[in-house]
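Okay, here's what each chain looks like letter by letter:
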Amino acid sequence: MLRSLNYSPNRFLRSSWRARMIFLVILALTISGLRTAMTQTVVKPEAARPKRILMLFSESKDVPGNIALEQAVRSEMRKLSPNRLEFFSEHLDASHFSDQAHYQFFKDYLGKKYAGQNLDLIMAFPSRDYTLAGALPDALFPDVPVVFIAVNELEVPYNISKLGVTGIVQRFDIRGTLGLMLHLQPDTHRVVVIGGTTEVDRATLGRIHEEASALEGVEFDFWTNRPVAEMPAAVGALPPGTVVLLSTVLRDVTGQTYFMSQLAQMLAPPAHVPVFVMGGWVLGSGAVGGSVVDSEDLGARGGQLAWRVLGGIKPENLPIEMATKGTPMVDWQALKRWHISERRLPADCIVRFRPVTMWEEHRKIILSSLAVFLAQAVTIAGLLAQRKHRRRAEAEISRQRTELAHVSRVSTMGQLASALAHELSQPLGAILRNTEAAELFLKNDTPDLAEIRAILADIRKDDQRAGTVIDRMRSLLKRRELESNPVDLGELIEETVAVAWSDAAARRVTLTMQVSANLPLVLGDRVHLQQVLLNLILNGMDAVADGGQAERMVVIQAAAGTGENVEVAVSDTGTGIPADKLKSLFEPFFTTKPNGLGMGLAISRTLVEAHGGKIWAENNADRGATFKFTLPAAPRES
Amino acid sequence: MIPSAITDTVFVVDDDASFLKSASRLLRAAGYTVKAFESASAFLGQLTTETSGCVVTDLQMSGCNGLELQAALARSDNPLPVVFLSAQGDIPTTVKAMRQGAEDFLTKLSPKEKLLEAVNRALARNALERTQREQLRDLRERFATLSPRELEVLSHVVRGKMNKEIAGELGINLRTVKLHRTNLTRRLQVHSVAELTRLVEAVGLFKAERTT
């Protein structure tokens, strides 16, 4: 305890640092262990050795066109191959290192590096001279099949198939590009072609020249003798009606080498006129576009070809594909810059770098979401309409119920008016008598103050009693909505019997109450429930009073019913109800009384049902009828 | 105005305890001797022929109501006058009460003056009826001393028959008829046929015979 309290922060830090080191070491070990375990588990199930493909580029690895091409080839082959493929990439970088020593060094390097690798395929990407990248495999690995992809005008040795080589030569689509150019810029009268000085450059220029001579009304200007470094300013000064076509400048007059994308990045932004290109990978530099070589498409085709060779087809049996058809492709940003309407574009033209709108990117999601929203909205609207409809109907029913209850109460009140007047005149009469008595007492010379005090107390008591009667009467008369409160039915029955008492006495009917002890409370509206009780009691009294029976009795019983409810029964000793009338009894306007409205029982039923209860009538075994109703018991408070 | 019959009692009967108390209190303050009963049966149970006074009662009461109380009193030997103090009364009930001889029919909210007047009237009537009842009883006692033959003769006398006719009808001689008549007038303490006839009427003798 004491020692642990006595630690120094330094010591803690030191020990924590040490712990962290140990943790890191363990972590590293674990990870390396895991990695071995993972490679092992991945490799193991593969029965066949992965196919090994060497990708041989004559240029450096950061040439944009080659990067796109290599990616496309790899992904296409991976798509096709069920098994793992191993790719190796090597770059001769002939543009930067063009001397023979380098070439020899690279050749030796490759020979040594891949001697024991059992290559399955070599993919060559020769760019200037087929022999540079293309001859290497022949010399080094004569037994390995070769598939090449070339984008330029290079000379392919006519007997190359005999060497176990196949491939694709994708030539620039000069005609297509010029066509697109004139289509998009119809008022072009001058085309500035920027080209280089190498053989390949000149070959391309030659083809452009050939195409140009077929076009009438357009003047072609070949800028081949200017250093590229001067050109940004020159293209910036070109007048309208001119366009620029970038050919290849593998080397300019000053000996500088350029890739097509470099050139476009230098010239397109400052150019005062649209710049057209022939390589798809050049787009994004500011150039408008052209009928370009599409790296992805070319890579995919090359991948498919390579896959067939890997599958066992001898290259010499696969003819070399020579393609000159480009893919119309434009840069959306450049279209905007030159105010070229998208409507002018050919139908198959690919538009790159268009800011993807929410709509384009997520059209499906948006559409399906919209559909869902719409469906939801329709459903909700439907439900709302239904609810509104039901609400209105309910409100109407509720209003009618209130109205009917009121009518019924008022008519019941008519019957009970005398009873209530009696109730009220009792306390009022008592007050009057007491007051008169007090006046008399006060006339004495020595008034009996104790008596007068007693009188005043009695007056106060009777006054309150009168108030209660008035409240009860008012609540009976008021048109009101259903309230829901815990109601003690026993108490309510007592109160109701008190109201009916004088009426019963006048009609010589004995009212008896039998309320079982521990009667559960019910949830309901006191006034409405009293209304029901009164209706039933008055009905019972009518039944016994009319019949001239010797015994005139109405018995009100309340007991816990079966289940969570309370059952109230009002029995009379009358003549009973004809069996065929038992059901119609509760229909509105059904009455057996000459002055009856026929609403009492209908309203009683409405009110009982509004409380979630049931009401019915049955004939007694001996004589008379019993009206019963149930009400759900209020949930007991725990 | 307190009547002479101050010893008379006002019997207040009402099932409403509060009103019973206040009404009794008022009547007592007004100088009456008051006895309060919460039910008709309690009152009727202690009623004797000697009881003198009047009854003030509610019309509607649980158990025996006011009209029944009135009827029971009327049947008794001592039909005390009844003043009804009703909370409210419908016309049929009122008519019935009055026909049964109610002294008055007041509402509970009638002013004290009316109540006291009604009570005074009832007490006065009670005193009067009491006197009449005593006289009648006295008269009846006198008639009761008559022999059957004398009653027979009397019945003919009050119908205005001559002695000779009476003798003929009864099959007795004239002297005997005269003797009976002398005895009659002496026992009934009357001096003329007219007076005799009035008394017979008051006592209610020979009613059936007269109507036939």
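As a convention, each chain's residues are numbered from 1 in the sequence order in which they are written. Chain letters start at A and ligand numbers start at 1, both assigned in the order the entries are written. It should be noted that, the model being predicted, local features are given only for residues of pLDDT at least 70 and side-chain atom pairs only at 80 or more, the latter also being counted only at that level, while totals for whole chains, interfaces and linings use all residues.

Taken together, the contact between chain A and chain B spans 23 residues of the former and 21 residues of the latter. Each helix is a run of H or I in the DSSP string that is no shorter than four residues. Each strand is a run of E no shorter than two, and both are numbered from the N terminus. Those elements giving two or more residues to the side of chain A that touches chain B turn out to be helix H13 (363-443), helix H14 (449-477) and helix H15 (489-506) of chain A. Residue contributions to the side of chain A that touches chain B peak at 16 residues, all from H13 of chain A. For every residue pair, C-beta atoms are placed from the backbone, and the pair is scored as a contact if these atoms sit within 7 Å.

Here we take up the packing of helix H3 (residues 64-80) of chain A against helix H10 (residues 295-310) of chain A. Residue and element names in this part refer to chain A. Axis definition: a line fitted to C-alpha atoms, over the contacting stretch in the case of helices. Angles run 0 to 180 degrees between N-to-C directions. Between H3 and H10, the shortest axis-to-axis distance is 7 Å and the interhelical angle comes to 45 degrees. Taken as axis vectors, H3 and H10 run oblique relative to one another. Between H3 and H10 the crossing geometry is right-handed. Listed contacts from H10 to Gly65, Ala68, Leu69, Gln71, Ala72, Val73, Glu76, Met77 and Leu80 of H3 are Ser295, Glu296, Leu298, Gly299, Ala300, Gly302, Gly303, Gln304, Ala306 and Trp307. When residues are sorted by character, Ala, Val, Leu, Ile, Met, Phe, Trp, Tyr, Cys and Pro go into the nonpolar class, Asp, Glu, Lys and Arg into the charged class, and all the rest, Gly among them, into the polar class. Residues belonging to the contact of H3 with H10 are distributed by class as follows: 10 nonpolar, seven polar and two charged. If an angle is under 35 degrees, it is roughly parallel; if it is over 145, roughly antiparallel; if it lies from 65 to 115, roughly perpendicular; otherwise it is oblique. For any pair of crossing helices, the crossing counts as left-handed if the nearer helix is rotated counterclockwise from the farther one by less than a right angle, and right-handed if it is rotated clockwise.

Quick look at the sheet that holds strand E2 (residues 85-91) of chain A now. All names here are of chain A. At least two bridges found by DSSP between two strands are what make those strands a pair. Spatially, six strands are ordered E2-E1-E3-E4-E5-E11 in an open sheet, and the strand pairing comes out parallel. Looking along the sheet, the strands with just one partner apiece sit at the ends: E2 and strand E11 (321-323). When strand polarity is set aside, the average angle formed by the axes of neighbouring strands in this sheet is 15 degrees. Running over the sheet, H3 touches strand E1 (51-57), E2, strand E3 (121-125) and strand E4 (146-150) and is turned about 165 degrees from E2. In the packing of H10 onto the sheet, the strands contacted are E1, E3, E4 and strand E5 (165-170), and the crossing angle to E5 comes to about 170 degrees.

This brings us to the environment of arginine 159 of chain B. Summarising the element assignment, arginine 159 of chain B is placed in the loop between helix H6 (148-157) and helix H7 (163-170). Sequence-wise, arginine 159 of chain B and threonine 197 of chain B are 38 residues apart; in three dimensions their C-alpha atoms are separated by 8.3 Å.

Moving on, we get to the nonpolar core. Burial of nonpolar side chains together is a common tendency in soluble globular proteins. To define a nonpolar core, we join buried Ala, Val, Leu, Ile, Met, Phe, Trp, Tyr and Cys residues through C-beta atoms within 7 Å and take the resulting set. We call a residue exposed when 12 or fewer other C-beta atoms sit within 10 Å of its C-beta, buried when the count reaches 20 or more, and partly exposed for counts in between; the C-beta positions come from the backbone. Counting residues in hydrophobic clusters, the biggest one holds 90 residues, and the most contacted among them are Ile537 of chain A together with Val12, Val83 and Val119 of chain B. At 10 residues, the largest contribution of residues to this core is made by helix H16 (residues 526-547) of chain A. Not counting residues up to four positions away in its chain, the partners in contact with isoleucine 537 of chain A are Thr496, Ala500, Val554, Ile556 and Val570 of chain A. In this structure, Val191, Leu205, Leu250 and Met278 of chain A belong to the second largest nonpolar core, which totals 78 residues.

A word on the sheet that holds strand E2 (residues 33-37) of chain B. Residues and elements named next belong to chain B. With respect to topology, five strands assemble into an open sheet ordered E2-E1-E3-E4-E5, the strand pairing being parallel. At either margin of the open sheet sits one strand with a lone partner, and together these are E2 and strand E5 (104-107). On average, each strand axis in the sheet is inclined to that of its neighbour by 20 degrees, with strand direction left out of account. Alignment of strand E3 (residues 53-57) against strand E4 (residues 82-86), held across three bridges, turns out to be parallel. Counterpart to valine 56 in the pairing with E4 is valine 83.

The residue leucine 69 of chain B is located in helix H3 (residues 66-75) in this model. When near neighbours in sequence (up to four residues on either side) are disregarded, leucine 69 of chain B contacts Val13, Ala40, Thr57 and Cys64 of chain B.

Looking now at H15 of chain A. Residues and elements named next belong to chain A. The end-to-end C-alpha separation of H15 is 26 Å, in line with the 26 Å expected for 18 residues at 1.5 Å each. Two axes are fitted around each residue, one to the seven residues ending there and one to the seven starting there, and the angle between them is reported as the bend at that residue. Its axis deflected by about 45 degrees at alanine 500, H15 carries its strongest bend there. Of all the positions in H15, only Leu489, Leu492, Ile493, Thr496, Val499, Ala500, Ser502, Asp503, Ala504, Ala505 and Ala506 are classed as buried. Here the expected span of a helix is defined as 1.5 Å times the quantity of residues minus one.

A word on the confidence of the model for chain A. All names here are of chain A. Values of pLDDT, the confidence the predictor places in each residue, fall between 0 and 100. Confidence in the prediction of chain A, expressed as mean pLDDT, is 81, and 82% of residues score 70 or more. Here helix H1 (residues 2-5) is the element of chain A with the lowest mean pLDDT, 42, and strand E9 (residues 275-276) is the one with the highest, 94. For residues 1-15, every residue scores under 50 in pLDDT, and the model assigns this stretch one contact once sequence neighbours within four places are set aside. Considering only residues more than four positions removed or in separate chains, one finds that residues 33-46, a stretch of pLDDT under 50, has two contacts.

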